[in-house]
Amino acid sequence: MTSTVELLKIKFNQALVAAFGEDFATIDPMVVASTNPKFGDYQCNLAMSLTKSLKSNPRAIATQIIDNLIIDEICETPEIAGPGFINLRLKTDYLQIQLQKMLGNERLNIPKVNPNQKMIVDFSSPNIAKEMHVGHLRSTIIGDSIARVLEFQGHEVLRLNHVGDWGTQFGMLITYLREVSPDALTTADALDLGDLVEFYRQAKVRFDQDETFKETSRQEVVRLQAGAEDSRRAWQLLCEQSRREFQLIYDDLGIKLTERGESFYNQFLPQILEELDKIGLLVENQGAKCVFLEGFTNKEGEPLPLIVQKSDGGYNYATTDLAALRHRIETETATRIIYVTDAGQTNHFMQVWQVAKRAGWIPENVELVHVAFGIVKGEDGKKLKTRSGETVRLRELLDEAVSHAKKDLETRIKAEGRTENQEFIDHVAEVVGLSAVKYADLSQNRTSDYIFSFDKMLSLQGNTAPYMLYAYVRIQGISRKGNIDWQKLETDIQVVLEAEEEIVLAKHLLQLPGILEEVAQDLLPNRLCQYLFELSQKFNQFYEQCAVVKAEEPQRTSRLALCDLTAKTLKLGLSLLGISVLERM
Ligand code: ARG
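Residues numbered from 1 in each chain as written. Predicted model: local features only at pLDDT ≥ 70, side-chain atom pairs only at ≥ 80, totals over all residues. Heavy atoms only, no water.

J.: Would you mind going over the overall build of the chain with me for this structure?
T.: Along its length, the chain carries 21 helices and 14 strands. Each principal axis of the C-alpha distribution contributes one length, and for the chain these read about 85 × 70 × 45 Å. By residue count, 52% of the 585 residues in the chain fall in the buried class. Contacts spanning at least 24 positions in sequence make up 72% of the contacts within the chain whose residues lie at least 6 apart. Here the chain has roughly 27600 Å² of accessible surface; of this, 48% comes from carbon and sulfur atoms. Considering the chain, the positive charge centre built from 66 side chains and the negative charge centre built from 83 side chains are found 2 Å apart. (Helix = DSSP H or I, 4+ residues; strand = E, 2+ residues; numbered from the N terminus. Buried < 20%, exposed > 50% of the residue type's maximum accessible area, 1.4 Å probe, protein only. Contact = heavy atoms within 4.5 Å. Areas by Shrake-Rupley, 256 points an atom, 1.4 Å probe, with all protein chains shown as cover. Lys, Arg positive; Asp, Glu negative; His and termini not counted. Charge placed at Lys NZ, Arg CZ, Asp CG, Glu CD.)

If you want it as structure tokens, here you go:
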């Protein structure tokens with residue numbers, strides 16, 4: 001089954017062909033859901049853009065389109081408005097039939113895309129021996145949600161964790177640890193990530209002050225790259241230590257990732273340079289190997305090259321990304337590659353992609369997307385820091401979210417005079433706390449900075465996770481109270497829509513597939529949050545105006561079906577944001 005927008009688009013293309021000829025078979029008919037019910041449920045904005053090519057006025061074009069449009073089963077008679085908009089209103093019959101089809105269907109009758117695509121989402125990607133910070137948290141949450149939507153749509157998605165597990169910092173760290181904590185380089189579990197981060201800091205201080213230390217560190221990098229056994233072992237232990245800590249966070253957040261860190265691409269780096277050289281793109285500049293790029297200049301207006309090999313022979317972050325890009329295209333055969341990082345890395349990706357394009361490594365059917373996001377700020381409006389001014393540790397941040405949620409919950413339970421066992425309280429607090437962090441991030445337009453506030457994200461009012469989870473519990477409760485065996489009845493339930501609020505809710509329910517297509521296209525999960533928030537508001541209006549359990553048949557069953565579909569839509573939508581619902585809270 002096709003979604004309503006898709007169906008309308010097909011109908012419009014058929015009308016365009018009938019009216020203006022075959023050339024119009026594949027033109028985008030510009031059909032979108034209306035933002036204001038005054039203009040119907042959907043509108044077609046195409047007529048205005050055809051005036052030049054058809055040498056006619058938009059209202060006349062709109063009339064011609066409508067004359068050829070066969071949509072009687074879907075819409076009321078179309079109306080032309082303003083300069084030439086075509087406004088469409090869905091027929092109640094059509095709505096009823098569509099809802100009925102959704103009832104018995106696990107995917108709410110949302111089709112998978114055909115054909116699907118192989119896609120890569122590169123997200124999370126923290127760095128070894130460093131603490132994962134809130135930027136990585138944003139990448140993790142946003143990347144996971146995008147991957148979930150694309151997977152639901154039927155795409156083949158490879159979720160890659162491009163961990164920073166290679167580079168000169170290991171020379172420094174290993175050299176330092178040989179001095180102060182040699183055990184850590186030979187025994188597993190000798191350090192935790194907190195120690196490691198602290199040693200990293202100390203090693204950096206030494207590196208910057210002590211020339212001999214610096215030189216030893218450099219040699220250590222060379223030994224590591226040459227595969228010296230003790231260095232290799234030390235490196236592995238350091239990586240494992242960090243990996244274990246990252247995994248705890250992923251487990252808490254329910255994140256699945258395939259690790260393929262920078263070190264994996266090390267084997268391909270010399271070849272990257274060779275090829276760039278062969279096509280004449282490499283230029284030597286003060287001992288470093290560079291590619292000069294169009295449109296990139298420094299503050300003085302001088303051309304800014306991308307350095308692919310430093311004068312000491314070492315490779316850069318960018319070189320690894322060039323190798324990763326080739327591998328993803330040639331070996332993984334991905335046709336859409338999505339990078340989820342903070343907006344600060346936009347230039348980096350633009351440069352890498354430009355080099356890859358000039359080298360001819362990016363076929364026309366491959367799309368590269370940078371999903372950039374803003375900074376996480378504290379309530380003071382400044383970059384989020386601990387009180388003492390340090391980077392906030394994710395572990396602590398998540399624990400705090402859960403303990404806040406627990407406090408709120410305990411207060412509420414008391415106020416409602418309920419008694420609940422500890423297991424229930426712990427479970428609900430965990431789900432609510434972590435969902436709140438996720439939802440607070442996802443409900444913002446990711447391109448802007450966002451302010452991290454436990455109080456706001458845990459509020460039961462407004463566009464928050466607790467509000468959405470609570471809406472689900474309540475609606476689910478109503479449909480349960482109706483005592484209907486859905487499994488049995490799903491096939492022969494009659495949906496009858498009469499009240500205005502029922503129709504508004506029904507139309508909103510039918511918009512989910514269109515919203516998911518948008519999210520898959522623009523990679524903005526906040527659209528889905530907004531949709532779900534509006535759904536619960538429209539549900540509330542319906543529930544205020546229409547009796548459900550006490551209604552007479554056939555309304556009673558039909559309205560219970562609306563409750564059930566709303567609950568299922570919330571559950572599905574939240575799951576695509578990485579949030580699982582609660583049956584009670
Ligand atoms: N490790 C990097 C960081 O912490 C992010 C890596 C993003 N992915 C990539 N292919 N460059 O900033």
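J.: Would you take a moment to explain helix 19 (residues 512–522) for this structure?
T.: Owing to its 3.6 residues per turn, the α-helix aligns residues three or four sequence positions apart on the same side. Within helix 19, burial applies to L512, P513, G514, I515, L516, V519 and A520. Contacts from the buried residues of helix 19 go to helix 1 (4–20), helix 5 (134–152), strand 11 (336–342), helix 18 (500–509), helix 20 (526–545) and helix 21 (555–576). Just downstream of helix 19 lies L523, where phi reads positive at about 55 degrees.

J.: Is there a simple way to explain the sheet that holds strand 2 (residues 42–44) in this structure?
T.: By way of backbone hydrogen bonds, the strands of a sheet pair with one another, either parallel or antiparallel. Sheet architecture is open: 4 strands sit in the order 1-2-4-3, paired in antiparallel fashion. Because the sheet does not close on itself, it has two edges, and the strands there are strand 1 (31–33) and strand 3 (79–81). Across the sheet, the mean angle from the axis of one strand to that of its neighbour is 30 degrees, orientation sign disregarded. The strands touched by helix 3 (residues 58–67) within the sheet are strand 3 and strand 4 (85–88), with strand 3 carrying the most contacts at an inclination of about 165 degrees. (Pairing = 2+ DSSP bridges. Axes fitted to C-alpha atoms, helices over the stretch in contact; angles between N-to-C directions.)

J.: Looking at this structure, how should I read a negative patch on the surface?
T.: A surface patch of like charges, here negative, comprises E379, D380, D408 and D455. Note that D408 resides in helix 13 (residues 394–415). A relative accessible area of 40% means that D408 is categorised as partly exposed. (Patch = residues over 30% accessible without salt bridge, like charges linked within 9 Å, V, L, I, M, F, W, Y side chains within 5 Å. Salt bridge = Lys/Arg side-chain N within 4 Å of Asp/Glu carboxyl O.)

J.: Quick question: what am I supposed to make of helix 21 here?
T.: Taking 1.5 Å of rise per residue, the 22 residues of helix 21 would be expected to cover 32 Å, and the 31 Å separating its terminal C-alpha atoms lies within 8% of that figure. Judged by how many residues are buried, helix 21 sits mostly within the fold: 19 of 22 residues are covered. A positive phi of about 80 degrees marks G578, the residue just after helix 21. (Expected span 1.5 Å × (residues − 1).)

J.: What is the right way to read the sheet that holds strand 8 (residues 283–285) from this model?
T.: Ordered in space as 8-9-10, the 3 strands form an open sheet in which the pairing is antiparallel. Each of the sheet's edge strands pairs with one partner strand only, and the pair in question is strand 8 and strand 10 (303–309). On average, each strand axis in the sheet is inclined to that of its neighbour by 55 degrees, with strand direction left out of account. Across 5 bridges, strand 9 (residues 288–297) lies against strand 10 in antiparallel orientation. The partner of T297 across the bridge, within strand 10, is P303. Of the strands in this sheet, strand 9 and strand 10 are in contact with helix 12 (residues 346–358), which crosses strand 9 at around 105 degrees.

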